Amino acid sequence: PPVRVCVCILVTLLDTRTVPGELKWAASPSEGGWEEVSIMDEKNIPIRTYQVCNVLEPSQNNWLRTDWIPRSGAQRVYVEVKFTLRDCNSLPGVTGTCKETFNLYYHESNEDRESYIKESSFIKVDTVAADESFTQVDVGDRIMKLNTEVRDVKVTTRKGFYLAFQDVGACIALVSVRVFYKTCPLTIRNLATFPDTVTGADTSSLVEVRGSCVNQSEEREEPKMYCGADGEWLVPIGGCLCNPGNEDKGGACKACSVGFYKARSSDAGCSKCPPHSHSLRDGATVCDCHSGFFRADSDPPSMACTQPPSAPQQLISVVNETSVVLEWAPPRRLGGRSDTSYSLELGSGSGSQLCLPCGSDVLFSPGQTGLKTTRVVVSELRAHTHYTFIVHSRNGVSQSSGAGAAQSVSVTVTTNQSVTTLQRKFATDVTRHSLSLSWQQPDRPNGVILEYEVKFYEKDQKERSYRIMRTFSRSVDVTGLNPLTVYVFHVRARTAAGYGESYNFLVGDFCVNSAFLLLSVSGVGILLLISAAVFIISRRRSKYSKTKQDSEEEKHLNPGVKIYVDPFTYEDPDQAIHEFAKEIDVSSIHIERVIGMGEFGEVCSGRLRVQGKREIYVAIKSLKAGYSDKQRRDFLSEASIMGQFDHPNIIRLEGVVTRCKPLMIITEYMENGSLDAFLRKHDGQFTVIQLVGMLRGIASGMKYLSDMSYVHRDLAARNILVNSNLVCKVSDFGLSRVLEDDPEAAYTTRIPIRWTAPEAIAYRKFTTASDVWSYGIVMWEVVSYGERPYWDMNNQDVIKAIEEGYRLPAPMDCPVVLHQLMLDCWERERAERPTFSQILNMLDKLIRNPGTLRVGSEVCVSVVPEVCVPEWSVCEWLQSIGLERYRDTLAAAGYTSLDSLLALTHQ
Ligand code: AMP
């Protein structure tokens with residue numbers, strides 16, 4: 001949640017209570033007007049006051065001017081005047097000459113020695129009246145009531161200024177005058193220092209201030225903050241990060257202590273050194289490894305220091321003719337790592353005498369190096385040869401450990417001799433009862449081929465009865481076969497090492513060959529394809545019908561809910577307009593005056609008299625002459641959209657004029673115009689309940705729109721209209737159209753950034769949930785009486801601040817519950833935002849229990865003297881707890897400040 005710093009510093013430019021000696025301000029006339037009088041204040045300290053009391057004489061014009069006050073860089077100064085004023089009615093015998101006000105003036109000047117009061121050069125600040133006037137001059141009993149009034153003035157043009165007090169016939173004493181300005185105090189936020197900053201010249205202007213990173217830190221993103229007019233810091237953006245080796249300790253970067261480290265500035269803080277490492281000095285960015293432990297280049301500094309693995313264990317080998325299967329167990333010690341890998345080294349020969357590695361035709365499966373498994377099949381070795389296999393184990397620190405060669409085990413094996421499988425090429429010469437077979441010599445006989453063996457049997461017999469033929473040549477004629485029978489043949493060669501693998505195949509007189517097999521396989525394939533296709537088609541069907549069913553079900557569940565129809569789906573825009581809007585005869589409209597300017601032309605107010613109905617006030621929007629087809633279509637689309645709605649909080653369409661020019665859209669008349677301007681005009685004039693009532697209306701209209709599946713996209717106070725009963729209605733149904741028509745151009749230029757949800761800005765995800773975000777902004781606009789969201793920040797900064805989690809703070813006097821609801825509307829995840837229906841329920845609850853809308857008393861802690869904090873008087877406090885009647889009792893007993901009340905006991 002946003003943090004509000006409710007502290008500002010007041011810098012005093014003048015305080016009459018602290019001026020030693022006489023003030024000697026210029027007075028005109030110099031005699032008989034304002035007079036300087038010394039009195040004792042409530043603490044018996046002498047103070048200077050000015051008094052005038054010419055209530056019996058007419059035409060008083062008494063001026064009193066302060067000395068020149070240098071503005072010292074201030075742009076807006078505050079004048080606090082404490083004064084007492086006599087009630088005219090209590091003065092016996094005064095006529096109409098007696099006044100109960102005085103006027104405050106100022107005059108900017110570079111000159112500190114203006115000798116006389118030049119009245120015409122003074123500008124009036126205000127007429128100041130007393131809240132309390134006294135009736136009896138009885139200072140002893142303190143019946144005189146002190147008024148405190150504060151006014152503020154923009155002073156930007158000269159080095160300083162004069163203030164003047166004009167009396168026109170009152171009985172008045174200026175007890176003290178204090179002039180001060182506000183600054184946002186020096187502060188550190190996100191590790192950046194922001195200097196003491198004088199507030200801006202206007203009440204709503206923000207001063208943009210760049211922060212500088214504190215010592216031992218670097219910029220994460222340019223730190224920035226705004227100094228608000230009240231001297232409060234607002235909207236921190238960006239910030240700094242402590243350098244490596246340092247961490248954030250209460251807004252300063254402090255070095256990591258011994259035994260701790262911080263590697264990157266983006267790391268959260270210093271961390272304890274990982275196992276087997278240490279840091280001996282403050283400010284370590286990485287911890288050194290204990291001796292015998294290492295860190296690989298790719299190891300993060302947060303990882304423990306580790307060791308190389310010990311040797312692999314239990315290496316066993318199984319020889320299968322010219323291949324060897326090697327298997328081993330992982331090392332006993334893995335060194336604290338999980339990246340152990342193995343590699344194989346191979347030599348022929350035996351014992352320690354390793355010959356050169358064999359030819360490259362030796363195959364290692366799955367590989368020779370970088371192995372993660374503990375099993376390798378080595379094939380294509382020479383027959384009858386001794387081989388030595390060495391299995392090395394390594395890990396990420398084997399290299400850096402400097403231990404030289406990796407740990408290893410070895411084994412020596414001797415391969416067998418055997419014949420390889422026959423070459424696949426063969427020929428068949430099939431007749432009804434016989435066939436000829438021939439084949440080629442195996443690739444590597446590994447010795448002398450002693451003979452070939454041909455074994456065959458009927459396929460159905462499955463080796464239950466077979467015949468064997470042996471031959472020295474590479475062909476054989478097989479006779480005595482049964483016709484129409486499939487035979488299985490196995491042919492293999494024999495050398496001194498025994499039989500090799502046999503080569504198997506099918507053959508028969510009805511073309512049992514690979515072609516047949518292929519055909520049957522592809523036949524199955526086709527079948528599979530067909531069934532897959534059938535499956536896919538049937539799946540699609542069922543999904544489609546489900547969708548259809550779903551929507552039918554939906555309709556069934558919400559009977560009577562209309563769904564909004566986009567007029568742009570109509571090919572002919574006139575068809576849409578005539579479907580949704582009534583054509584009005586222009587003669588029944590009486591235009592009266594211009595009330596605003598719309599996108600397409602003037603907006604007027606007037607009257608509409610439709611036959612059989614009473615005359616009503618209407619607003620008339622017209623399309624200015626010389627429009628294009630597109631403009632006509634866009635103009636009328638708003639009516640086509642509006643005409644589909646029927647809700648007390650949606651602006652009602654009365655009809656359209658399309659048959660003659662100019663084209664017009666006629667809507668109900670909203671006497672108070674748009675909500676933002678209306679609120680600005682009536683700043684501070686409504687009760688919280690009234691404001692919540694307005695918000696309730698808007699929420700109700702938006703719920704109706706969302707129920708109709710209409711996404712507004714431009715919900716903002718300027719697009720809400722207010723009628724004479726303070727009923728708020730949603731209007732302006734134009735933006736969705738603009739965005740869709742021209743996505744690129746419209747996106748950057750037309751999107752109302754301050755009102756739009758981040759996902760809608762980033763990738764145009766406009767949904768009811770993004771309307772809810774905008775609704776939260778409207779809430780803020782309403783409670784702050786039309787203040788501009790994010791004040792005068794630029795759009796880029798707004799986007800950045802939102803991205804960084806900043807949210808608008810509660811406006812002045814905003815009940816906590818309302819601000820919480822705003823924050824809920826501004827959840828980053830759109831699924832977490834409330835729905836309009838939930839918002840409506842919530843507002844209804846608040847309206848039923850107005851107690852919940854009491855402004856939460858914000859606790860303001862004053863950390864520096866001369867600090868402005870919302871300070872309650874005893875009187876305000878008593879009012880807030882309904883015990884106002886004890887005001888005088890407490891005052892009489894000397895309890896005049898909240899501090900003194902703290903000492904009050906139960907008795
Ligand atoms: P629009 O084009 O809808 O933004 O209208 C421009 C301005 O005309 C608005 O800001 C209102 O001040 C005024 N306006 C529009 N419609 C109405 C209405 N129905 N009743 C009163 N004023 C309206």
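All residue numbers refer to position in the chain's written sequence, counted from 1. Restriction of local features to residues with pLDDT of at least 70 applies here, the model being predicted, together with a cutoff of 80 or more for giving and counting side-chain atom pairs; totals for whole chains, interfaces and linings are based on all residues. No hydrogens and no water enter the side-chain calculation; it runs on all heavy atoms of the structure.

The name given to the chain in an unreviewed UniProt entry is receptor protein-tyrosine kinase, with Seriola lalandi dorsalis as the source organism. UniProt positions are given in the numbering used here, feature names are shortened, and annotations may be inferred rather than shown by experiment. The UniProt entry for the chain carries the following text under Catalytic activity (unreviewed entry): "L-tyrosyl-[protein] + ATP = O-phospho-L-tyrosyl-[protein] + ADP + H(+)".

(A) Inspection of the overall build of the chain at higher detail. In terms of helices and strands, the chain carries 15 helices and 48 strands. Taking all 907 residues of the chain together, the buried fraction comes to 43%. In the chain, the proportion of contacts linking residues at least 24 apart, taken out of those at least 6 apart, comes to 64%. All accessible areas in this document rest on Shrake-Rupley with a 1.4 Å probe, and a residue is counted as covered only by the protein chains that are shown. Carbon and sulfur atoms make up 51% of the accessible area of the chain, which amounts to about 48,400 Å² in all. Counting from the N terminus, the helices are DSSP H or I runs at least four residues long and the strands are E runs at least two residues long. Buried, partly exposed and exposed residues are distinguished by accessible area as a fraction of the type maximum, computed with a 1.4 Å probe on protein chains only: under 20%, between the cut-offs, and over 50%, respectively. Contacts are assigned to residue pairs that have any heavy atoms within 4.5 Å of one another.

(B) Structural view of the sheet that holds strand E16 (residues 207-210). When DSSP finds two or more bridges between a pair of strands, those strands are recorded as paired. Ordered in space as E16-E18-E19, the 3 strands form an open sheet in which the pairing is antiparallel. Every other strand in the sheet has two partners, leaving E16 and strand E19 (233-242) as the edge strands with one partner each. On average, adjacent strands in this sheet sit at an angle of 15° to one another, irrespective of strand direction. The sheet contacts of helix H10 (residues 795-803) involve E16, strand E18 (217-227) and E19, and relative to E19 the element is tilted by about 65°. As a rule, the C-alpha atoms of each element are fitted with a line to give its axis, helices using only the stretch in contact, and angles between N-to-C directions run from 0 to 180 degrees.

(C) View of helix H9 (residues 768-783). An expected span of 1.5 Å times one less than the residue number is assigned to each helix. If you check H9, its first and last C-alpha atoms are 22 Å apart, about what 16 residues at 1.5 Å a residue would give, namely 22 Å. With respect to burial, H9 is a largely interior element, 15 of its 16 residues being buried. In protein, a polar contact means a hydrogen-donor-capable atom and an acceptor-capable atom, both N or O and within 3.5 Å, with residues adjacent in sequence counting only if both atoms are side-chain atoms; elsewhere, any N or O pair within 3.5 Å suffices. Measuring from the backbone nitrogen of Ala769 back to the side-chain oxygen at the start of H9 gives 3.2 Å, which picks out Thr767 as the cap.

(D) Here's a closer look at the environment of Arg467. Looking at where Arg467 falls in the secondary structure, it is placed in strand E36 (residues 467-471). Apart from residues lying up to four places away in sequence, Arg467 is in contact with Val454, Lys455, Phe456, Thr479 and Gly480. Within the structure, Arg467 has its side chain in polar contact with the backbone oxygen of Thr479 (distance 3.3 Å).

(E) View of helix H11 (residues 816-825). Turning to H11, its buried residues are Leu818, His819, Leu821, Met822, Leu823 and Cys825. In this structure, the buried residues of H11 make contact with helix H5 (688-707), H9 and helix H12 (836-848).

(F) Geometry of the sheet that holds strand E17 (residues 212-213). With respect to topology, 3 strands assemble into an open sheet ordered E13-E14-E17, the strand pairing being antiparallel. Here the strands that pair on one side only, and so sit at the sheet edges, are strand E13 (187-189) and E17.

(G) Here's a closer look at the packing of helix H2 (residues 573-580) against helix H3 (residues 629-642). Interhelical geometry of H2 versus H3 gives an angle of 25° and a closest axis separation of 9 Å. When the axis of H2 is compared with that of H3, the two are roughly parallel. You can see that H2 and H3 cross each other, and the crossing is left-handed. From H2, Pro573, Asp574, Ala576, Ile577 and Phe580 reach across to H3, where they touch Arg632, Arg633, Leu636, Ala639 and Ser640. For this classification, the nonpolar set comprises Ala, Val, Leu, Ile, Met, Phe, Trp, Tyr, Cys and Pro, the charged set comprises Asp, Glu, Lys and Arg, and every other residue, Gly included, is treated as polar. Residue composition of the contact of H2 with H3, grouped by class: 6 nonpolar, 1 polar and 3 charged. Throughout this description, any angle smaller than 35 degrees is read as roughly parallel, any larger than 145 degrees as roughly antiparallel, any in the 65 to 115 degree range as roughly perpendicular, and the remainder as oblique. Crossings are classed by handedness, with left-handed meaning an anticlockwise turn of the near helix from the far one by less than a right angle and right-handed meaning a clockwise turn.

(H) Highlighting the state of the cysteines. What counts as a disulfide here is a pair of cysteine sulfur atoms lying within 2.5 Å. In the structure shown here, the tally under the stated rule is 8 disulfides. Here Cys213 connects covalently by a disulfide to Cys240, the sulfurs 2.1 Å from one another. Note on the Cys213 and Cys240 pair: the S-S dihedral is about -80°, so by sign convention the disulfide is left-handed. With Cys213 in strand E17 and Cys240 in strand E19, the pair connects residues that are 27 residues apart, well separated along the chain. The class for Cys213 is partly exposed, based on a relative accessible area of 25%.

(I) The nonpolar core, seen in detail. Residues belong to a common nonpolar core when they are buried Ala, Val, Leu, Ile, Met, Phe, Trp, Tyr or Cys residues joined through side-chain atoms within 4.5 Å. Membership of the largest hydrophobic core comes to 80 residues, with the highest contact counts inside it found for Phe645, Leu675, Ile698, Phe733, Tyr775 and Leu843. Sequence-distant contacts of Phe645, defined by excluding residues within four places in its chain, comprise Tyr564, Ile650, Tyr704, Leu705, Met708, Tyr710 and Phe733. Membership of the second largest hydrophobic core comes to 29 residues, among which are Trp34, Phe83, Leu85 and Tyr106.

(J) Fine view of the site of the ligand. We define proximity as follows: a residue is near a molecule or strand when any one of its heavy atoms falls within 4 Å of that partner. Inspection of the region around the ligand gives 15 residues, with Gly598, Lys621, Thr667, Glu668 and Met670 positioned closest. Between the ligand and Lys621, the relevant distance is 2.6 Å, taken from an oxygen atom to a side-chain nitrogen or oxygen of the residue. Between Thr667 and the ligand, the recorded distance is 3.2 Å, taken from a side-chain N or O atom to a nitrogen atom. In isolation the ligand offers 480 Å² of accessible surface; the protein chains occlude 82% of this area. For the shell around the ligand, the elements supplying multiple residues, two or more each, are strand E41 (589-597), strand E43 (616-622) and strand E45 (664-668). Among the elements that make up the shell around the ligand, the one with the highest residue count is E41 (3 residues). Split into classes, the residues belonging to the shell around the ligand amount to 8 nonpolar, 4 polar and 3 charged.

(K) Structural context of the environment of Asp230. Position of Asp230 relative to the elements: it lies in the loop between E18 and E19. Given the relative accessible area of 42%, Asp230 is considered partly exposed. Note: C-alpha distance between Asp230 and Ile9 (221 residues apart in sequence) is 9.6 Å.

(L) Quick peek at the pattern of salt bridges. Definition used for salt bridges: Asp or Glu carboxyl oxygen within 4 Å of a side-chain nitrogen of Lys or Arg. Going through the model one piece at a time under the given rule, you end up with 34 salt bridges. Residue Arg17 is joined to Asp41 by a salt bridge in which the shortest nitrogen-to-oxygen separation is 3.4 Å. One end of the pair, Arg17, is in the loop between strand E1 (8-15) and strand E2 (26-28); the other, Asp41, is in the loop between strand E3 (35-40) and strand E4 (46-53), and 24 residues separate them in sequence. Judged by its relative accessible area of 27%, Arg17 is partly exposed. When the shortest N-O distance is used, the salt bridge between Asp299 and Arg337 registers 2.7 Å. In this pair, Asp299 is assigned in the loop between strand E25 (288-289) and strand E26 (313-320) and Arg337 in the loop between strand E27 (323-329) and strand E28 (341-348), connecting sequence segments 38 residues apart. Ionic contacts of the salt-bridge type, sharing partners, join the residues Glu208, Arg210, Glu222, Lys224 and Asp797 into one network.

(M) Fine view of the confidence of the model for the chain. Per-chain confidence: the chain averages 82 in pLDDT, with 83% of residues scoring 70 or above. Known as pLDDT, the predictor's per-residue confidence is scaled from 0 to 100. Confidence over residues 138-142 falls short of pLDDT 50; this stretch has 4 contacts with residues more than four positions distant or in other chains. Under a pLDDT of 50 for its full length, residues 509-559 has, in the predicted model, 13 contacts with residues more than four places off or in other chains.

(N) Here's a closer look at the packing of aromatic side chains. Working definition: a ring pair exists when centres of Phe, Tyr or Trp rings (six-membered ring for Trp) sit within 6.5 Å. Plane angles under 30 degrees give stacked, over 60 give edge-to-face, the rest tilted. For the structure shown, the criterion picks out 24 aromatic pairs. Note on Trp25 and Tyr50: the rings are 5.3 Å apart at their centroids and 5° apart in plane angle, and the pair reads as stacked. Of this pair, Trp25 sits in the loop between E1 and E2 while Tyr50 sits in strand E4; the two residues are 25 residues apart in sequence, bridging distant segments of the chain. Take Trp25 and Tyr50: they sit in the same class, and that class is buried. Between the aromatic rings of Tyr564 and Tyr710, the centroid separation amounts to 4.7 Å while the plane-to-plane angle is 80°, which identifies the pairing as edge-to-face. One end of the pair, Tyr564, is in the loop between helix H1 (514-557) and H2; the other, Tyr710, is in the loop between H5 and strand E46 (720-722), and 146 residues separate them in sequence. Relative accessible area serves as the criterion here: at 2%, Tyr710 is assigned to the buried category. Aromatic rings pair up to connect Trp25, Tyr50, Phe83, Phe102 and Phe165 into one cluster.

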